[in-house]
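# Geometric and topological summary
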Amino acid sequence: MIGKGSLYLPRCLNLTRMLMTSPISRQTTVWALSIHRYKWTSHGVGSGRKWTPLGFAASDMLWISSNMDKKYRQQSSKVNISKLSNTPDNRSSTLSDNPQAYFFAQELKLFGLNENQVQRLATENLNVVKISQQKLEDSLRFLFDLNLDPNDLFRVLLLEPNILKTAVNQLNSRIKQLRKLGIQEGNLQKTIASCPSCLLLSNKQFKSVIMTLKEKCTFTSEHVKQIVQTSPTVLNENPDKILLKFQYVYFKMNLTNLDNMVKARLFKHNVYHVRRRHVFLERLGLFERPDKKGLTRITNPSLRAIIDFPAQRFAKTVAKTTLEDYEMFAKSFRKEDNPDESDTDDAFHDDDDDDDEMEYIK
């Protein structure tokens, strides 16, 4: 029996056909589709097929958009998009003369990126012209289906444009592994946006890091999930360096509480950073290694305060000194480790106070 809304089907299909054969903008296409509440999908075979109304999905919009006729494609390749670039004229010319570059820019707009973001990605990723249109569309659809918001999508593509060249199967494998760790929706998107390179890891690297955390560092599955969520760059690290950081805190500082290590985001920082702050506090008499019973004569600051506070906050509230004093110590401490190293401006590098990457993507 035909449903009440069956008369809506021809109008829906006619609208779709009209949009596919009309040289209008993709933004207009999505806007027009969003007016209509339902799409229709068939179930069963032969005379038993039934039509069921379902909400339009983003992938359907992409499918319709990607199947616009050749006339639209030809027209779009001739459009002057010099406004997308603040770079020299030759780069703008390259974009406007290349249908693939224009297609990339239009797809980004379709996913909700603003003009400035599209401009930046389109001009800084000119190698996109070497990727087939189908591959480009598949990769973008994969990222969009992860429910990344436009700003996170922008960050991912800016920091790791090679994701567009990577096979969707490989990307999907990394997503499955992250979910297997227990990272659920919401946190999954934050993890990917924070460290897009985790999608490009080899299966061997991913498993090696997880094995090191679980077997050699004796973290529980819940601990590992929290570590990857809060410090996803750990997945890119050499497992030996991961173990070295753990051993330094566990044996050298004699701080054996695994929960505190996770809360302190130990694996977000390099071992030199941890050692430098530890030694600084020791020499000031503000940190004492606990004895076998875990007792000290003074009250030690928390591990998180020691290693995860920004440099200025650490100097003021933990070391009870100034940032300038801490920077002077950092330079002299580097010379202790490397006596032949000259006194350069980059001798002080506090890894948790380095916001260059965040500034770059704004």
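Read on for a plain summary of the structure.

So, how was this worked out
- Residues numbered from 1 in each chain as written.
- Predicted model: local features only at pLDDT ≥ 70, side-chain atom pairs only at ≥ 80, totals over all residues.
- Heavy atoms only, no water.
- Helix = DSSP H or I, 4+ residues; strand = E, 2+ residues; numbered from the N terminus.
- Buried < 20%, exposed > 50% of the residue type's maximum accessible area, 1.4 Å probe, protein only.
- Contact = heavy atoms within 4.5 Å.
- Areas by Shrake-Rupley, 256 points an atom, 1.4 Å probe, with all protein chains shown as cover.
- Phe/Tyr/Trp six-rings, centres within 6.5 Å; stacked < 30°, edge-to-face > 60°.
- Lys NZ or Arg CZ within 6 Å of the ring centre and 35° of its normal.
- Axes fitted to C-alpha atoms, helices over the stretch in contact; angles between N-to-C directions.
- Parallel < 35°, antiparallel > 145°, perpendicular 65-115°, else oblique.
- Left-handed = near helix turned anticlockwise from the far one by under 90°.
- Salt bridge = Lys/Arg side-chain N within 4 Å of Asp/Glu carboxyl O.
- Polar contact = N/O pair within 3.5 Å; in protein donor to acceptor, adjacent residues only side chain to side chain.
- Core = buried A, V, L, I, M, F, W, Y, C linked by side-chain atoms within 4.5 Å.
- Expected span 1.5 Å × (residues − 1).

A few words now on the overall build of the chain. A tally of regular secondary structure across the chain gives 20 helices and two strands. The proportion of buried residues among the 362 residues of the chain is 44%. Counting contacts in the chain only where the partners sit at least 6 residues apart, residues at least 24 apart contribute 70% of the total. Surface accessibility of the chain: about 20000 Å² in total, with carbon and sulfur atoms responsible for 51%.

Our focus in this paragraph is the packing of aromatic side chains. Taken as a whole and judged by the stated rule, the model has eleven aromatic pairs. Note on Phe111 and Phe144: the rings are 4.8 Å apart at their centroids and 50 degrees apart in plane angle, and the pair reads as tilted. Separated by 33 residues along the polypeptide, Phe111 in the loop between helix 6 (99-110) and helix 7 (115-124) and Phe144 in helix 8 (residues 133-145) bring together distant segments of the chain. For the pair Tyr250 and Phe251, a centre-to-centre distance of 5.0 Å together with 65 degrees between the ring planes defines the contact as edge-to-face. Members of the aromatic cluster, each reached through a chain of ring pairs, are Tyr272, Phe280, Phe314, Tyr326, Phe329 and Phe333. Sitting above the plane of the Phe314 ring, Arg277 keeps its charged end 4.3 Å from the centroid.

For the rest of this paragraph, the subject is unusual backbone geometry. Of note, the phi angle at Asn254 is positive, near 60 degrees, even though the residue is not glycine. Phi at Lys320 is positive, roughly 55 degrees, even though this residue is not glycine. Looking at the secondary structure, you find Lys320 in the loop between helix 18 (311-318) and helix 19 (323-337). For Lys320, a relative accessible area of 63% puts it in the exposed group.

Helix packing geometry: the angle between the two helix axes and the distance between the axes. Put simply, helix 16 (residues 271-284) and helix 18 touch, their axes get as near as 12 Å, and they point 20 degrees apart. The pairing of helix 16 with helix 18 is recorded here as roughly parallel in orientation. Where helix 16 crosses over helix 18, the two elements pack in a sense that is right-handed. Along the contact surface, helix 16 presents Arg277, Phe280 and Leu281, while helix 18 presents Ala311, Phe314 and Val318.

Quick look at the pattern of salt bridges now. Within this structure, the stated rule accounts for ten salt bridges. Across the salt bridge formed by Lys245 and Glu237, the nearest N and O atoms sit 2.7 Å from each other. Between Glu336 and Arg283 there is a salt bridge, and its shortest N-O distance comes to 3.1 Å. Placement of Glu336 in helix 19 and of Arg283 in helix 16 is noted, with a sequence separation of 53 residues between them. When its relative accessible area of 44% is taken as the criterion, Glu336 is described as partly exposed. The network of salt bridges with common partners includes Glu137, Asp138 and Arg141.

Okay, the environment of Thr230 next. In this structure, Thr230 sits in helix 13 (residues 221-230). Put simply, Thr230 and Phe267 are 37 residues apart on the chain and 9.0 Å apart in space, counted from C-alpha to C-alpha. In this structure the side chain of Thr230 is engaged in a polar contact, spanning 2.8 Å, whose partner is the backbone oxygen of Gln226.

All right, on to the nonpolar core then. Core analysis: the biggest nonpolar cluster contains 76 residues, and Leu143, Leu178, Phe219, Leu235, Met253 and Phe267 have the highest contact counts within it. Setting aside anything within four residues of it in sequence, one finds Met253 in contact with Tyr248, Val274, His278, Phe287, Arg289, Pro290, Leu303 and Ile306.

Take helix 16 next. In a regular helix each residue adds 1.5 Å, so 14 residues correspond to 20 Å; helix 16 covers 20 Å between its end C-alpha atoms and thus fits that length. Of the residues making up helix 16, those classed as buried are His273, Val274, Arg276, Arg277, His278, Val279, Phe280 and Leu281. Elements in contact with the buried residues of helix 16: helix 14 (239-252), helix 17 (303-307), helix 18 and helix 19. A distance of 3.1 Å separates the backbone nitrogen of Tyr272 from a side-chain oxygen at the start of helix 16, and that oxygen is part of Asn270. Following helix 16 by one or two positions, Gly285 adopts a phi angle in the positive range, close to 75 degrees.

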